[in-house]
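# Coordinates in review
Single-letter residue listing:
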Amino acid sequence: MHMRPAFTLVLTAAATAVLALTGCGGSSNGGPSGTAPASSGGPAAASPSANPKQAVTAALTKLTREPHRQRLLMKTDIVTHGVPAAAASAFGRATTITAHGDFESARRVSLVESVPPTLTDAHFVLYDGASYIATDGVHFQRLKGALATSVSGLAELGADRIAKYIIGVRALGTTTIAGKSVAHYRAAVDAKGAKSLTHSVGGPLGALTDAVDVGSSRLDVYIDAATGQIVRTVTIASSTFDLAKMPPSLGSGLKGTLAMHQRITSDISDPGAKITVERPHTSGRALQSPSASAPGDAPDAGDGAAIN
């Protein structure tokens, strides 16, 4: 039985996929240089009385077309069945992933994340289709091969494709986040459609969908009633992995199942801010880390060596 180190990176990519599905990920609207298109005023501001699906779709489109910052908190509980003890201990029982990032555009993203116990303050950069990671926060390597395929595929997911699989949207009134009056919407995610969308990104993340039985999911979206900007998303989802169906690139000889329950909270701030993401170099020169700022009402040139 063998589990490749790439598994951790793919789980991180999976978290990014969830962000995409909740409107914090990529969009196909950016130009080839990665710059966001000029704003023409954007979608109309959302209100609880607006058509719920239209309000959420407009807010998703607005978010993916404008620079912004975000902070992520992803809590995962894991229960294994029929998994050998050594592998079960490797998966762990509970994990909390934290991240904060700058989104200049859908194609230029700088994200610092911690995935205990493997990664602490790892720096990930997506720059015009190329993906880089510095596990120590300084020395970057470019992702190539299957992992790069998955990451670039995620970046190309457009808001229109994402919104297609958000169903049963309903307005739940207004509340306050960080001093702002926000409209609260709740929806479900079409499990079959979301699985198909994730499969379309290719690479190990796409292949991983063959081993996943997607369970229930719930999506809460909080939209600034005055501007139509998303200020927070909360996703609660359950899924089960059949380890025997894991793609060979992630491991071999695995057996048993892994049940995963996740709660992902993403706070969005500084919409429309001037944000510049640098292309990483391999000189060891540290890039400026993305801003850690977020709403006050926080939730619970060389490529160098490649990582395949």
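Since we're looking at a predicted model, the values are computed, not measured.

On to helix α2 (residues 52-65), then. For α2, spanning 14 residues, the distance from its first C-alpha to its last is 20 Å, which sits close to the expected 20 Å at 1.5 Å a residue. Residues of α2 that are buried: Ala55, Val56, Ala59, Leu60, Thr61, Lys62, Leu63 and Thr64. Of the residues that open α2, the one with a side-chain oxygen 3.1 Å from the backbone nitrogen of lysine 53 is asparagine 51.

Attention shifts here to the confidence of the model for the protein. Summarising the model, the protein shows a mean pLDDT of 74, and 68% of its residues fall at 70 or more. Element-level pLDDT for the protein is lowest in helix α1 (residues 6-21), with a mean of 47, against a maximum mean of 93 in strand β8 (residues 166-177). Here residues 1-8 is a poorly scored stretch, pLDDT under 50, and it has 23 contacts once near neighbours within four places are set aside; other chains count. Here residues 294-305 is modelled with pLDDT under 50, and outside its nearest four sequence neighbours on either side it reaches 36 contacts, counting other chains as well.

Moving on, we come to helix α6 (residues 191-199). Of all the residues in α6, the buried ones are Gly193, Ala194, Leu197 and Thr198. For α6, the angular spread of buried residues about the axis comes to 135 degrees, placing them on one side.

This part is about the nonpolar core. Counting residues in each nonpolar core, the largest one holds 18 residues, and the members touching the most others are Val56, Tyr185, Ile223 and Ile230. With 5 residues, the single largest contributor to this core is α2. One finds Leu72, Met74, Leu111 and Phe124 within the second-largest nonpolar core, a separate group that totals 15 residues.

It is worth spelling out the pattern of salt bridges at this point. The full count for this structure, using the stated rule, is 8 salt bridges. Arginine 186 serves as the salt-bridge partner of aspartate 220, at 2.8 Å between the closest nitrogen and oxygen. Placement of aspartate 220 in strand β10 (residues 212-224) and of arginine 186 in strand β9 (residues 180-189) is noted, with a sequence separation of 34 residues between them. Judged by relative accessible area, aspartate 220 falls into the buried class, the value being 2%. A relative accessible area of 22% places arginine 186 in the partly exposed class. Salt-bridge contacts for aspartate 267 lead to arginine 232; the nearest nitrogen and oxygen are separated by 2.6 Å. Of the two residues, aspartate 267 is situated in strand β13 (residues 257-269) and arginine 232 in strand β11 (residues 230-242); the sequence distance between them amounts to 35 residues.

Within strand β6 (residues 130-134), 5 of the 5 residues are buried, which leaves it mostly tucked inside the rest of the structure. Direction of pairing for β6 relative to strand β7 (residues 141-143): antiparallel, over a ladder of 3 bridges. Bridging from a neighbouring strand, isoleucine 133 pairs with glutamine 141 of β7. The turn linking β6 back onto β7 is made up of 6 residues, and glycine 137 within it adopts a positive phi angle of 85 degrees.

How each quantity is defined
- Residues numbered from 1 in each chain as written.
- Predicted model: local features only at pLDDT ≥ 70, side-chain atom pairs only at ≥ 80, totals over all residues.
- Heavy atoms only, no water.
- Helix = DSSP H or I, 4+ residues; strand = E, 2+ residues; numbered from the N terminus.
- Expected span 1.5 Å × (residues − 1).
- Buried < 20%, exposed > 50% of the residue type's maximum accessible area, 1.4 Å probe, protein only.
- Polar contact = N/O pair within 3.5 Å; in protein donor to acceptor, adjacent residues only side chain to side chain.
- pLDDT = per-residue confidence, 0-100.
- Contact = heavy atoms within 4.5 Å.
- Arc of directions from axis to C-beta.
- Core = buried A, V, L, I, M, F, W, Y, C linked by side-chain atoms within 4.5 Å.
- Salt bridge = Lys/Arg side-chain N within 4 Å of Asp/Glu carboxyl O.
- Pairing = 2+ DSSP bridges.

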